[in-house]
Amino acid sequence: MARTTNNGRRRLILHLGVQKTGSTAIQRFLRQNADALSDGLIVRTPVEGTPMRPLGRAAIAHSLSNDPDTATALRLAFADVLAELPDNGLPVLISHENLAGAMPGNGGETRLYPALPEILSLLRTEAKGFEIEAVVYTRNMKQWKSSVWAQAVRTDGYAKTEEAFLADIETLPGWGDLIRRLGQEIGAGNVCRCRLEDEVDATRPAGQLLRHAGLEDARIAALTPLQGQSMPRLSASSTEFLRRLNGLSLNPYARGKVADLVARAQPLFAAEWPSEGTS
């Protein structure tokens, strides 16, 4: 595995997600195999109590309110992550889907990660001595849009129907547009697109990402596989309950507690939900 790039800089691989492309499973897999990888790759994922959590929040905040204060906060949060890296020259893999910024449905966003190129620019400015490489997983766009809507309902307080959401993002470009914009910022050779559908082993969901980092197939196959599904989509009736709940003026903390309860008790919402306008 190459420690440095051709220009002698230490490799810094940013797995940017994006949301709803298997990031949670990828991060679980990376975390449980971090020790096995540590002789050749330093892994950082969002873990409570580490600088990675504030980094994700700062990226979302900057994408929703692009101003000097949020830009500074993002750079400082990234500096905290970099400051805790071991000074051993090994390549670094940072995985955080929120580095992409707000997904459609979050905070009124209807575009395809418009702030991501600037976010990358800010991170690169802070990462002196590193060569940044961006890895983006993509997914069938139609399936992705539906999954993003359900996630926005579950976590971001989104209150519109799926049909209304799809109408709002009707003009969304394809993934090629996002990859092109990232290439314009850090160079096309430093951007890697991985298709979720091309992951051949669901129990080792980071195969393409780790191959990009330089691992051979045999070593990936020797890593401990995942057990169980990561953050499965809520049932249709549970999602509809939350969507209607999101239309109420609830305290965000209380709303989050209810959402957690719904996720744990989905059989309560097994009955078919009536359509809009019916009693």
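Residues numbered from 1 in each chain as written. Predicted model: local features only at pLDDT ≥ 70, side-chain atom pairs only at ≥ 80, totals over all residues. Heavy atoms only, no water.

A. Structural context of the overall build of the protein. Helix and strand content of the protein: 12 helices and 5 strands. A burial count over the protein gives 48% of its 279 residues as buried. Across the protein, the fraction of contacts at a sequence separation of at least 24, relative to all contacts at a separation of at least 6, is 77%. Accessible surface, the protein as shown: approximately 13,400 Å² in total, 51% of it carbon and sulfur. Side-chain charges of the protein comprise 32 positive and 31 negative groups, with the mean position of each set lying 1 Å from the other. (Helix = DSSP H or I, 4+ residues; strand = E, 2+ residues; numbered from the N terminus. Buried < 20%, exposed > 50% of the residue type's maximum accessible area, 1.4 Å probe, protein only. Contact = heavy atoms within 4.5 Å. Areas by Shrake-Rupley, 256 points an atom, 1.4 Å probe, with all protein chains shown as cover. Lys, Arg positive; Asp, Glu negative; His and termini not counted. Charge placed at Lys NZ, Arg CZ, Asp CG, Glu CD.)

B. Helix α1 (residues 23-32), seen in detail. S23, A25, I26, Q27, F29 and L30 are the residues of α1 that are buried. Looking at the packing, one finds that the buried side of α1 touches β1 (10-15), α2 (34-37), β2 (42-44), β3 (92-95), β4 (130-138) and α9 (207-213).

C. Expanded view of the packing of aromatic side chains. Inspection of the entire model under this criterion finds 4 aromatic pairs. Ring centres 6.3 Å apart and planes at 50 degrees place the aromatic pair Y113 and W144 in the tilted group. Note that Y113 is positioned in the loop between β3 and α5 (116-126) and W144 in helix α6 (residues 141-155), a separation of 31 residues in sequence. Here the two residues Y113 and W144 agree in accessibility, since each one is buried. Aromatic pair F241 and F269: ring centres 4.7 Å apart, planes at 45 degrees, arrangement tilted. Placement of F241 in helix α11 (residues 236-246) and of F269 in the segment after α12 (252-264) is noted, with a sequence separation of 28 residues between them. Taken together through their ring pairs, the aromatic side chains of Y113, W144 and W175 make up a single cluster. (Phe/Tyr/Trp six-rings, centres within 6.5 Å; stacked < 30°, edge-to-face > 60°.)

D. A look at the pattern of salt bridges. Inspection of the entire model under this criterion finds 14 salt bridges. The salt bridge partner of R124 is E185, with a shortest N-O separation of 3.4 Å. In this pair, R124 is assigned in helix α5 and E185 in helix α8 (residues 175-186), connecting sequence segments 61 residues apart. Among the salt bridges present, the one from D217 reaches R211, with a minimum N-O distance of 2.6 Å. For D217, a relative accessible area of 48% corresponds to the partly exposed category. Its relative accessible area of 37% is what places R211 among the partly exposed residues. (Salt bridge = Lys/Arg side-chain N within 4 Å of Asp/Glu carboxyl O.)

E. Region of interest: the environment of R181. Mapped onto the elements of the fold, R181 is located in helix α8. For the pair formed by R181 and P46, sequence separation is 135 residues and the distance between their alpha carbons is 25 Å. Setting aside anything within four residues of it in sequence, one finds R181 in contact with L112, Y113, P114 and P117.

F. Main features of the packing of α5 against α8. Across the interface, α5 lies against α8 with an axial gap of 9 Å and an inter-helix angle of 30 degrees. On the basis of the axis angle, α5 is roughly parallel to α8. The handedness of the crossing between α5 and α8 comes out as right-handed. For the pair α5 and α8, the contacting residues are L116, P117, L120, S121 and R124 in the first and L178, R181, L182, E185 and I186 in the second. The residue inventory of the contact of α5 with α8, partitioned by class, reads 6 nonpolar, 1 polar and 3 charged. (Axes fitted to C-alpha atoms, helices over the stretch in contact; angles between N-to-C directions. Parallel < 35°, antiparallel > 145°, perpendicular 65-115°, else oblique. Left-handed = near helix turned anticlockwise from the far one by under 90°. Nonpolar A, V, L, I, M, F, W, Y, C, P; charged D, E, K, R; others polar.)

G. Representation of the side chain of R10. Relative to the helices and strands, R10 is located in strand β1. For R10, which is buried and forms no salt bridge, the nearest opposite charge comes from D87, at a distance of 4.7 Å. There is a polar contact of 3.1 Å between the side chain of R10 and the side chain of N88. A polar side-chain atom of R10 sits 2.5 Å from the main-chain carbonyl oxygen of L90. (Polar contact = N/O pair within 3.5 Å; in protein donor to acceptor, adjacent residues only side chain to side chain.)

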